[in-house]
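# Inside the fold
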Amino acid sequence: MLCVAISTSDLLKYGTYQTKIKNVMERHGLKQFVTQATRITERTKTKIDLVMSNRKAEAKVLTSDKISDHSTVEIVIDGLVHVHEPHRTVKKLVDYNADVLRQKLSEFDWEIDHNSTLNTQTNILSERIRTALQMFVKDVKVKNRNCNKWFDKELNMLRLIKEHHYALAVMDTTYQNWKKYRLARNKYQSVIREKKRHYIENKLHNAKGDSKETWKILKSLLNGKGNREISEITINGRNINDSEEIAEKMNEYYVSSIVNINKSIGISGTTETPLVSATATFEFSPVDIQYLKVCLMEMKNKKDTDYISPGILIDAWPIIATTVCRIVNQSLEDCMPDDLKTATVAPVPKVNRPKNPEDYRPINMLPTLEKLIETVVKNQIIAYIEENDLLSIFQSGYRECHSCETALNLVLTKWSDIRGDGDDILAVFLDLKRAFETIDRKRLLAKLSSFGFSRSVIKWFEGYLKERSQQTRVNGYTSSKMQNDLGVPQGSVLGAILFILYINDMPSQLRSAFINLFADDTLIYIHGKNLDVMRDQMNSELQRINQWLRLNKLKLNVSKTKMMLIRGSSTRTAMNSIMVDDEVIRSGPRIQISGE
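Below: a short report on this structure. These numbers come from a predicted model, not from an experiment. (Residues numbered from 1 in each chain as written. Predicted model: local features only at pLDDT ≥ 70, side-chain atom pairs only at ≥ 80, totals over all residues. Heavy atoms only, no water.)

### A look at the side chain of Ser 492
Topologically, Ser 492 is positioned in the loop between strand 18 (482-484) and helix 16 (495-502). Accessibility expressed as a relative area gives 12% for Ser 492, which makes it buried. There is a polar contact of 2.6 Å between the side chain of Ser 492 and the backbone oxygen of Pro 489. Polar side-chain contacts of Ser 492 include one of 2.9 Å to the backbone nitrogen of Gly 495. (Helix = DSSP H or I, 4+ residues; strand = E, 2+ residues; numbered from the N terminus. Buried < 20%, exposed > 50% of the residue type's maximum accessible area, 1.4 Å probe, protein only. Polar contact = N/O pair within 3.5 Å; in protein donor to acceptor, adjacent residues only side chain to side chain.)

This is the structure:
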């Protein structure tokens, strides 16, 4: 069966294009089923929305449910009506009950053989929780994400009034009828804009003080993100619309793109950087049941691909606590269980109307049990490095009593003092390409060793990073697994702390510039009174930093790296010769900061 719906030239007219369309239909044995005009205005009638099929079909032009000035066309093929569904079916936990969950889990024999392997114990625990949750997993129809929450009864009434006047104007094409339709349409559109504005304003007001939620709202507006269903992608000029194939191709792209970035980095001309020489030694410590419950309560309550969340584990804690505690402590003595080392990637659009794989940001979802083990490890690492003062003083990311706001305030205070002394400031904001995912694992282990991590801990991290795999889920379909041999897991609890340890020696590369770090966001700046001298100094510093990045298998994204000149004078000065690898760094906005 072949059915095609297109918007094309007006078939109420006769001409070259109309003849070509009819010839194409005849060659393919298609019949055109739209018989009425599909776009009617006060002065024109056109039939430009067509339905062609080689099966028995019917196309009905509706004057209601108009999205634009084109009429909606309802298609009936072999007696089945094909209309847009504003809903999609997803699997969700329905009528979840913690008591029922515990009752189901209590039916299992929890005397798991303590001599069985860590992987076996982990598999049994995970499978039992999955089995218990299956009684709550149901197919649920949910509204597509582009169904607008601000659309209320008032707007629906205005929509019906608009459609009523449109139907009257089409039947009786008098000036008065079209005037009433235009007034109804304009009022409907005006109220839509007002409702949308109030809805967004309320969301921003409710998110006041929550920078993460505020940015989430702003990004949704800028990117126009709606339903995350991926209907089609283009790879190597080929359009793919099968969900299973899209999942496979997206997974291949995400793995191969990191390999390609790694290959493109090249060889550094710099020598090894002197690393921290810690006098203390870090070893893992066993934990108890109560501590693990506190860790679960502090974790974000997000479900993994098996619907298991920290909240679910807390509900099941009276039954599973002993088993979980034994698995965590055995993992600290041995390694991360193999079945917990697979990430499931969910592609999320970065831009409006994404077409290619690079238009989607890969968001990693990891098993909740892995995140619990990682949380225990992270807490112990942070306590150790803070106690022994091992982190660079220039790093503000993922540290207690530090935040993005404190980092910004620190920089602005320094810049205000510099401007107070009459100096200009030349700043460069570095952007790294897929930074967490390109880390060289051997170098990471060497750096962890220099921080005083014991041999047993290094062996644990070697196993944690070894043979990790990922799969990509698209429209409910999951790709096959592919091994990923580079970087630290994106979206993991440990990824961030491992990254800031990895780049801890970056500031030692600088000679005349100052640096501020917030995880992988890096700012370097120079101040002075002679712009030519400042330019030469900055270029030298950027060369040293870029060599260090290459040595550590990190890639500078020059196109997203920006330069900024801060000076008090109103005179505009061109600063277009800041370069990295013969590429000019583009200038960001010019600002003025006055010292007190």
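On we go from here.
### Description of the layout of surface pockets
What the second largest pocket holds in volume is close to 420 Å³. The wall of the second largest pocket is formed by 22 residues, among which Arg 130, Thr 305, Asp 306, Asp 339 and Pro 367 lie closest to the centre. Breaking the lining of the second largest pocket down by element, the ones donating at least two residues are helix 3 (118-133), strand 13 (342-349) and helix 11 (368-387). With six residues, the single largest contributor to the lining of the second largest pocket is helix 3. Broken down by class, the residue content of the lining of the second largest pocket amounts to nine nonpolar, eight polar and five charged. (1 Å grid on protein atoms, 1.4 Å probe; cavity = no way out; pocket = protein on both sides within 12 Å on 5 of 7 lines; lining within 4 Å. Points joined across faces, edges and corners; volume = space filled by probe spheres on them. Nonpolar A, V, L, I, M, F, W, Y, C, P; charged D, E, K, R; others polar.)

### Concerning the nonpolar core
One finds Ile 320, Ile 381, Phe 453 and Phe 461 to be the most contacted residues of the largest nonpolar core, which totals 93 residues. Those residues in contact with Ile 381, other than ones at most four positions away along the chain, are Phe 282, Phe 453, Phe 461, Leu 494, Ile 497 and Leu 501. Within the second largest apolar cluster, 11 residues are counted, among which are Ile 235, Ile 246, Val 345 and Tyr 360. (Core = buried A, V, L, I, M, F, W, Y, C linked by side-chain atoms within 4.5 Å. Contact = heavy atoms within 4.5 Å.)

### Concerning the sheet that holds strand 19 (residues 514-518)
Strand order in this open sheet of five strands is 19-20-15-21-24, and the pairing throughout is mixed. Of all the strands in the sheet, the pair left with one neighbour each is strand 19 and strand 24 (586-587). Against the sheet, helix 17 (residues 531-551) touches strand 15 (424-430), strand 20 (521-528) and strand 21 (562-566), its axis set at about 25 degrees to strand 15. (Pairing = 2+ DSSP bridges. Axes fitted to C-alpha atoms, helices over the stretch in contact; angles between N-to-C directions.)

### Side note on the packing of aromatic side chains
Applying the stated rule across the entire model yields 18 aromatic pairs. Here Phe 282 and Tyr 384 contribute two aromatic rings whose centre-to-centre distance is 5.2 Å and whose plane-to-plane angle is 40 degrees, an arrangement assigned as tilted. Of this pair, Phe 282 sits in the loop between helix 7 (243-264) and helix 8 (289-298) while Tyr 384 is found in helix 11, placing the two residues 102 residues apart along the sequence. A centroid spacing of 5.4 Å and a plane angle of 10 degrees characterise the contact between Trp 460 and Tyr 464, whose relative ring orientation is stacked. Here Trp 460 pairs with Tyr 464, and both are found in helix 15 (residues 455-465), just four residues apart, close to one helical turn. Neither residue differs from the other here; Trp 460 and Tyr 464 are each classed as buried. In this structure, Arg 128 is placed above the aromatic ring of Trp 110, and the distance from its NZ or CZ to the ring centre is 5.0 Å. It is Lys 447 that lies over the ring of Tyr 502; its NZ or CZ is 4.5 Å from the centre. (Phe/Tyr/Trp six-rings, centres within 6.5 Å; stacked < 30°, edge-to-face > 60°. Lys NZ or Arg CZ within 6 Å of the ring centre and 35° of its normal.)

### Brief notes about the pattern of salt bridges
Here the structure, examined in full by the defined rule, presents 22 salt bridges. One salt bridge connects Lys 91 with Asp 139, and the closest N-O pair in it is separated by 2.9 Å. A residue pair is termed long-range when its members are at least 10 positions apart, and Lys 91 in strand 9 (residues 87-93) and Asp 139 in strand 10 (residues 137-143) qualify at 48 residues. Of the residues examined, Lys 91 reaches a relative accessible area of 49% and is grouped as partly exposed. With a shortest N-O distance of 2.5 Å, Glu 194 and Arg 197 are connected by a salt bridge. Note that Glu 194 and Arg 197 are positioned in helix 5 (residues 175-206) at a spacing of three residues, about one turn of the helix. Note on Arg 197: relative accessible area 38%, which makes it partly exposed. One salt-bridge network, held together by shared partners, links Glu 127, Arg 130 and Asp 306. (Salt bridge = Lys/Arg side-chain N within 4 Å of Asp/Glu carboxyl O.)

### Points about unusual backbone geometry
In this structure, Tyr 307 is a non-glycine residue whose phi angle is positive, near 70 degrees. Among the secondary structure elements, Tyr 307 is positioned in the loop between helix 8 and helix 9 (310-315). Of the residues examined, Tyr 307 reaches a relative accessible area of 17% and is grouped as buried. A positive phi angle, near 50 degrees, is found at Arg 434, a position not held by glycine. Locating Arg 434 in the fold gives a position in the loop between strand 15 and helix 13 (435-438). Judged by relative accessible area, which is 22%, Arg 434 ranks as partly exposed.

### A word on helix 14 (residues 441-450)
Most of helix 14 sits inside the fold, with seven of its 10 residues counted as buried. Every buried residue of helix 14 is accounted for by Arg 441, Arg 443, Leu 444, Leu 445, Lys 447, Leu 448 and Ser 450. Buried-residue contacts for helix 14 involve helix 15, strand 16 (468-474), strand 18, helix 16 and helix 17. Positive phi appears at Gly 452, one or two residues downstream of helix 14, with a value of about 95 degrees.

### A few points about empty space enclosed by the protein
Scanning the model with the defined rule gives one cavity of 30 Å³ or more in all. What lines the largest cavity is a set of 17 residues, and nearest its centre among them are Asn 364, Gln 470, Asn 484, Pro 489 and Gln 490. Taken together, the elements giving at least two residues each to the lining of the largest cavity come down to strand 13, strand 14 (360-365) and strand 16. Considering every element that reaches the lining of the largest cavity, the biggest residue donor is strand 16, with three residues. Of the residues belonging to the lining of the largest cavity, the class tally is seven nonpolar, six polar and four charged.

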